[in-house]
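Observations on the model geometry
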Amino acid sequence: MEYIFILKYQLAEHDRDPDALVERLGEAGSDDALVGIGQPGRLALEFTREADSAETAVRSALADVKRAIPSARLIEAAPDFVGLTDVAEVVGVSRQNMRKLMLAHPGSFPAPVHEGSASIWHLAEVLAWLEAKGGYPLERGVLEVSKVALQVNLAKEARRLPTKAARELNALVG
């Protein structure tokens, strides 16, 4: 199956030559990625990768990038963090429809990761909720990739906490 996902990286000072990066990525097996270098010091790679599973696709892409650009630091795997408009686009409904669903099911609709004037959710959680609710055509690949992207982002963030602090916080937020 073909999986589409994005990996965003922060580049080291010495690894910012776009032509060299593209060449190294191709040599490492990432010739299936659209390379975006817009913001200085950042790299976005949109992969369209054939694999047996979304996890295999994302893991192999992460390994390819690590081989090509060892100093690059992962910022985010996507699709993961989304607003209601993003979810509506994925599902094929209007933003207003998504907002109505959220407001009509305050006890079961997934809690946002960030709540504010622009709230943000994990796409995998909203898609799983919609799948359980039924009646919404969801692409299997998008649901699978969003679950893997969520796992990658959580693992990346968990590394930032010392082990003892992570255990203590897990006990408190459970």
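Presented here is an overview of the structure given in this document. (Residues numbered from 1 in each chain as written. Predicted model: local features only at pLDDT ≥ 70, side-chain atom pairs only at ≥ 80, totals over all residues. Heavy atoms only, no water.)

Some points on a negative patch on the surface
Taken together, the side chains of Asp 17, Asp 19, Glu 23 and Glu 27 make up a negatively charged region of the molecular surface. Summarising the element assignment, Glu 23 is placed in helix 1 (residues 18-27). (Patch = residues over 30% accessible without salt bridge, like charges linked within 9 Å, V, L, I, M, F, W, Y side chains within 5 Å. Areas by Shrake-Rupley, 256 points an atom, 1.4 Å probe, with all protein chains shown as cover. Salt bridge = Lys/Arg side-chain N within 4 Å of Asp/Glu carboxyl O. Lys, Arg positive; Asp, Glu negative; His and termini not counted. Charge placed at Lys NZ, Arg CZ, Asp CG, Glu CD. Helix = DSSP H or I, 4+ residues; strand = E, 2+ residues; numbered from the N terminus.)

Some points on the pattern of salt bridges
The tally for this structure, following the rule as stated, stands at 10 salt bridges. Across the pair Arg 49 and Asp 32 runs a salt bridge, and its minimum N-O distance is 2.7 Å. Here the residue Arg 49 occupies a position in strand 3 (residues 42-50), and Asp 32 occupies one in the loop between helix 1 and strand 2 (33-36), the gap between them amounting to 17 residues. On the accessibility criterion, Arg 49 (6% relative accessible area) is buried. The class of Asp 32 is partly exposed, set by a relative accessible area of 22%. Put simply, Arg 59 and Glu 55 hold a salt bridge, and the shortest N to O gap is 2.8 Å. Separated by four residues within a single helix, Arg 59 and Glu 55 lie in helix 2 (residues 54-68), roughly one turn from each other. For Glu 55, a relative accessible area of 35% puts it in the partly exposed group. Several salt bridges converge on common partners, so that one network encompasses Asp 32, Arg 49, Asp 64 and Arg 67. (Buried < 20%, exposed > 50% of the residue type's maximum accessible area, 1.4 Å probe, protein only.)

A closer look at the pairing of strand 1 (residues 2-10)
Of the two faces of strand 1, only the one carrying Tyr 3, Phe 5, Leu 7 and Tyr 9 is buried; Glu 2, Ile 4, Ile 6, Lys 8 and Gln 10 on the other face are not. Where strand 1 and strand 3 come together, nine bridges link them in antiparallel fashion. Across the sheet, the residue bridging to Ile 6 is Glu 46, located in strand 3. Pairing of strand 1 with strand 4 (residues 73-78), which is carried by five bridges, proceeds in the antiparallel orientation. What sits directly across from Gln 10, in strand 4, is Arg 73. (Pairing = 2+ DSSP bridges.)

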